[in-house]
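Here are the chains, one letter per residue:
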Amino acid sequence: MRYKYVRMKCSIGGIYYHETEDGKRSPRQVIEDMAAQGYRYVGNVPVHLGRYGALTEYDMIFEY
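Residues numbered from 1 in each chain as written. Predicted model: local features only at pLDDT ≥ 70, side-chain atom pairs only at ≥ 80, totals over all residues. Heavy atoms only, no water.

**Student:** Can you tell me about the overall build of the chain, naming the residues and giving the values?
**Tutor:** Across its full length, the chain holds one helix and five strands. Sequence-ordered secondary structure for the chain, helices as α and strands as β, is β-β-β-α-β-β. Projected onto its principal axes, the C-alpha positions of the chain cover 35 × 25 × 15 Å. By residue count, 20% of the 64 residues in the chain fall in the buried class. Pairs at least 24 apart in sequence give 45% of the contacts found in the chain among residues at least 6 apart. Looking at charge distribution, the chain has the averaged site of its 9 positive side-chain charges lying 4 Å from that of its 8 negative ones. (Helix = DSSP H or I, 4+ residues; strand = E, 2+ residues; numbered from the N terminus. Buried < 20%, exposed > 50% of the residue type's maximum accessible area, 1.4 Å probe, protein only. Contact = heavy atoms within 4.5 Å. Lys, Arg positive; Asp, Glu negative; His and termini not counted. Charge placed at Lys NZ, Arg CZ, Asp CG, Glu CD.)

Printed below as a string of structure tokens:
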């Protein structure tokens, strides 16, 4: 199995996004794009916690 990780960041308004050359993508858009490439979403891993334990970045994990 091969895995691919996509970093999601939290904006000031609390919305998570993935930044690309074409702009920002929502988690749902990322899942749909990766599924079109043959990947399957399997979960996520927290990467960075902010003040008071708030999640500010996480990696979405996809399996091929």
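The rest of the description comes next.
**Student:** An account of the sheet that holds strand β5 (residues 55-63) is needed here, citing residue identities and associated values.
**Tutor:** Spatial ordering of the open sheet is given by β3-β2-β1-β5-β4, a layout of five strands whose pairing is antiparallel. Because the sheet does not close on itself, it has two edges, and the strands there are β3 (23-25) and β4 (40-49). Adjacent strand axes in the sheet meet at a mean angle of 40 degrees, parallel and antiparallel pairs treated alike. Judged from the three bridges that link them, strand β2 (residues 16-20) and β3 form a sheet pairing that is antiparallel. Paired with H18 across the bridge in β3 is R25. (Pairing = 2+ DSSP bridges. Axes fitted to C-alpha atoms, helices over the stretch in contact; angles between N-to-C directions.)

**Student:** Help me get a handle on the packing of aromatic side chains, residues and values and all.
**Tutor:** What describes a pair of aromatic rings is the distance from one ring centre to the other and the angle between the planes of the rings. Within this structure, the stated rule accounts for three aromatic pairs. On the numbers, 5.2 Å between centres and 65 degrees between planes, the contact of Y16 with Y58 is edge-to-face. Separated by 42 residues along the polypeptide, Y16 in strand β2 and Y58 in strand β5 bring together distant segments of the chain. The ring of Y17 has K24 lying over it, and the distance from NZ or CZ to the ring centre is 4.4 Å. (Phe/Tyr/Trp six-rings, centres within 6.5 Å; stacked < 30°, edge-to-face > 60°. Lys NZ or Arg CZ within 6 Å of the ring centre and 35° of its normal.)

**Student:** Before we move on, can you summarise the side chain of D59 with the specific residues and values?
**Tutor:** Topologically, D59 is positioned in strand β5. The class for D59 is buried, based on a relative accessible area of 13%. Engagement of the side chain of D59 in a polar contact is seen with the side chain of R7, the distance being 2.5 Å. Residue contacts for D59: discarding those within four places in its chain leaves Y5, V6, R7, G43, N44, V45 and V47. (Polar contact = N/O pair within 3.5 Å; in protein donor to acceptor, adjacent residues only side chain to side chain.)

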